[in-house]
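# Summary of structural features
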Amino acid sequence: MIPRAPKGTDDVLPPESERWRSVLRAFDGIAERFGYGLVITPLFEATELFARGVGADTEVVEKQMYTFDDKGGRSVTLRPEATASVIRAYLQSGTQGVFKGAYSGPMFRYEQPQAGRRRQFHQVGVEYIGEPSPLADVEVIEVGFRLLEAVGISDAAVLLNSIGDPADREAYRVLLAEYLSDRAEELSPEARRRIDANPLRVLDSKADAAVVAGAPVPADHLSSAAAEHIAAVREGLDGIGIPHRGEPRLVRGLDYYNRTVFEYESASYQAAQASLGGGGRYDPLAAMLGGPEVPAVGLAMGVDRIVLAMPPIDTPPALDVFVVVAEEERRSTAISLVRALRAAGLRVDLDLGGKSMKAQFRMADRRRAGAVAVVGAEWDSGQVTMRDLRSGTESLVEGQEVASWIAGH
Ligand code: HAM
């Protein structure tokens, strides 16, 4: 039997991969325009990084990590997300002050797979490190919104909440735990178990929605500094016309957040409890990893989900021209022509296997070429026959004019 890709993972092949390419390219362009430099960190890290950074009693760390001992007996984990790694890299490199980084790559979580929920999935994200201003939160939220807009998801809106600072959260946690204890017999066993350890996680438990509906919410228990911060974020988003709405029960599943948390929603992606992207401010993370206090805010967008949600894209031909060799003795001429066209920046290919003319034309179709250039007897007078594969029209074109003929079609 031929081996299959592991459960919850995907092969992405053409032409589907063109949708991926358009998302990744749009992200690259936006990240560059907003001044985020490319960051590449390892796909695996010491397990401790995630246990400390993401939080030992989060769903991600408790249940979803791909953790194993390497041959040297070190516990390593395939990264379930990249924020902890980026902050680690910032601290490890001794960088100080403002640092804006962008990343793109696979993340790994042992999930129950379904459409848009994969065990290997691809995130693009940005981290704005070293800046406490709420304007940084606004900018990061804008990056995600512009990405969705750029790929044609035009109805995206931001769900926004503040979970306050650690001290606010501690006071709120006590209140919430009291509320939940009073209703313990109405809660699921999982929620009951969490009352003491991490009651905030009950807030996004679907099984406990009825009890949660009446629970106190973090936004009603903010310090004045945290309240001012989220008000400034809202005002900033209004100022640039990014639609947002308060979602008092949005707490997010990772432990490093404080103040602003957000996710993106769109009618084009309505899977249960699943968002196209999300992020927030995470001022506590650097210190959780043993570093100094470093304010930071960031986001990650789920490319698998964006690809599912985006409208069909108008896929242009994958090749500008497919060069057909009419007679075997013309092959070296054809290869020279291909080389010259590629050097001129065109996307060009040919058959290297000596196929018949008919088979080469079929190949041109399958490879989704926009045009075919036939190198045959007409080359004796320096010409090729160009066929526009969409209209079917043919014309004789000078060898040197092929690039400009294509540009004009
Ligand atoms: P997250 O909410 O865990 O945040 O993931 C961000 C996005 O990744 C989700 O909104 C979703 O689109 C996508 N995603 C997550 N899990 C899966 C999965 N199993 N299959 C497909 N897509 C998935 C973070 O990862 C934080 N690091 C975001 C952040 C950056 N916060 C601050 N900076």
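Our subject is the structure listed above.
One structure accompanies this document, and this report is about it. This structure is a prediction, so every number in the text was calculated from the model and none was measured.

### Remarks on the overall build of the protein chain
- A count of helical and extended segments in the protein chain gives 14 helices and 16 strands.
- Across its three principal directions, the C-alpha atoms of the protein chain cover 90 × 55 × 45 Å.
- Taken over 409 residues, the protein chain has a buried fraction of 50%.
- For the protein chain, the share of sequence-separated contacts (at least 6 apart) that also reach a separation of at least 24 residues comes to 70%.
- Total accessible area on the protein chain is roughly 19600 Å²; 53% of this is exposed by carbon and sulfur atoms.

### A closer look at a negative patch on the surface
- A surface patch of negative charge is lined by Glu178, Asp182, Glu185 and Glu186.
- With respect to the helices, strands and loops of the structure, Glu178 is situated in helix α6 (residues 166–182).

### What about the nonpolar core?
- Counting residues in each nonpolar core, the largest one holds 46 residues, and the members touching the most others are Ile129, Leu180 and Tyr282.
- It is α6 that contributes the most residues to this core, five residues altogether.
- The residues touching Leu180, leaving out its near neighbours within four places in the chain, are Leu187, Ile195, Pro199, Val202 and Val211.

### Examining the pairing of strand β9 (residues 260–265)
- Of all six residues in β9, five are buried; the element is thus mostly enclosed.
- Where strand β7 (residues 157–162) lies against β9, six bridges are found, and the strand directions are antiparallel. Residue pairing across strands places Ser162 opposite Thr260, the latter belonging to β9.
- For β9 and strand β10 (residues 277–281), the ladder comprises three bridges, and the chain directions are antiparallel.

### What about the environment of Val126?
- Mapped onto the secondary structure, Val126 falls in strand β6 (residues 120–129).
- When the C-alpha atoms of Val126 and Val297 are compared, they prove to be 8.6 Å apart, with 171 residues separating the residues in sequence.
- Once residues lying within four places of it in the same chain are set aside, the contact partners of Val126 are Phe27, Tyr36, Gly101, Ala102, Tyr103, Val140, Val143, Val297, Gly298 and Leu299.

### A short note on unusual backbone geometry
- A cis amide bond links Pro14 to the next residue, Pro15, at an omega of 5°.
- Relative to the helices and strands, Pro15 is located in the segment before α1 (16–33).
- With phi around 55°, Arg259 is a residue other than glycine that occupies positive phi space.
- Judged by relative accessible area, which is 16%, Arg259 ranks as buried.
- Backbone geometry places Arg368, a non-glycine residue, at a positive phi of 55°.
- By secondary structure assignment, the location of Arg368 is in the loop between α13 (357–366) and β14 (371–375).
- Arg368 gets classed as partly exposed once you look at its relative accessible area, which sits at 26%.

### Regarding the sheet that holds strand β11 (residues 296–302)
- Read from one edge to the other, the open sheet built from eight strands follows the order β1-β5-β6-β11-β10-β9-β7-β8, with strand pairing classed as mixed. The two strands at the open ends of the sheet, each matched to only one other strand, are β1 (37–38) and β8 (244–246).
- Pairing geometry for β6 and β11, over seven bridges, is antiparallel. Within β11, the residue paired with Tyr128 across the bridge is Val297.
- In the packing of helix α5 (residues 134–150) onto the sheet, the strands contacted are β5 (99–108), β6, β7, β9, β10 and β11, and the crossing angle to β11 comes to about 15°.

### Details of the layout of surface pockets
- Here the second largest pocket defines a volume of roughly 440 Å³.
- Taken together, 17 residues line the second largest pocket, and the ones lying closest to its centre are Glu18, Arg21, Ala318, Arg347 and Arg368.
- The leading source of residues in the lining of the second largest pocket is α1, at five residues.
- Among the residues making up the lining of the second largest pocket, the classes are represented as six nonpolar, three polar and eight charged.

### Looking at the site of the ligand
- Around the ligand sit 27 residues in total, of which Glu81, Glu111, Glu127, Tyr257 and Ser275 are the nearest.
- One of the backbone N or O atoms of Gly298 is found 3.5 Å from a nitrogen atom in the ligand.
- Protein chains shield 96% of the accessible area of the ligand, which is 660 Å² for the free molecule.
- When contributions to the shell around the ligand are tallied by element, the ones reaching two or more residues are β6, β10 and β11.
- Residues that form the shell around the ligand fall into these classes: nine nonpolar, ten polar and eight charged.

### Here's the deal with the pattern of salt bridges
- All chains considered together, the criterion is met by 30 salt bridges.
- Arg88 serves as the salt-bridge partner of Glu45, at 2.8 Å between the closest nitrogen and oxygen. Here Arg88 lies in helix α4 (residues 83–92) and Glu45 lies in strand β2 (residues 44–46), a separation of 43 residues in the sequence.
- Take Glu45: its relative accessible area is 6%, and that puts it in the buried class.
- Linked through salt bridges whose partners overlap, the residues forming this network are Glu59, Glu62, Lys63, Glu190, Arg194 and Arg201.

Parameters and conventions
Residues numbered from 1 in each chain as written. Predicted model: local features only at pLDDT ≥ 70, side-chain atom pairs only at ≥ 80, totals over all residues. Heavy atoms only, no water. Helix = DSSP H or I, 4+ residues; strand = E, 2+ residues; numbered from the N terminus. Buried < 20%, exposed > 50% of the residue type's maximum accessible area, 1.4 Å probe, protein only. Contact = heavy atoms within 4.5 Å. Areas by Shrake-Rupley, 256 points an atom, 1.4 Å probe, with all protein chains shown as cover. Patch = residues over 30% accessible without salt bridge, like charges linked within 9 Å, V, L, I, M, F, W, Y side chains within 5 Å. Salt bridge = Lys/Arg side-chain N within 4 Å of Asp/Glu carboxyl O. Lys, Arg positive; Asp, Glu negative; His and termini not counted. Charge placed at Lys NZ, Arg CZ, Asp CG, Glu CD. Core = buried A, V, L, I, M, F, W, Y, C linked by side-chain atoms within 4.5 Å. Pairing = 2+ DSSP bridges. Axes fitted to C-alpha atoms, helices over the stretch in contact; angles between N-to-C directions. 1 Å grid on protein atoms, 1.4 Å probe; cavity = no way out; pocket = protein on both sides within 12 Å on 5 of 7 lines; lining within 4 Å. Points joined across faces, edges and corners; volume = space filled by probe spheres on them. Nonpolar A, V, L, I, M, F, W, Y, C, P; charged D, E, K, R; others polar. Near = heavy atom within 4 Å. Polar contact = N/O pair within 3.5 Å; in protein donor to acceptor, adjacent residues only side chain to side chain.

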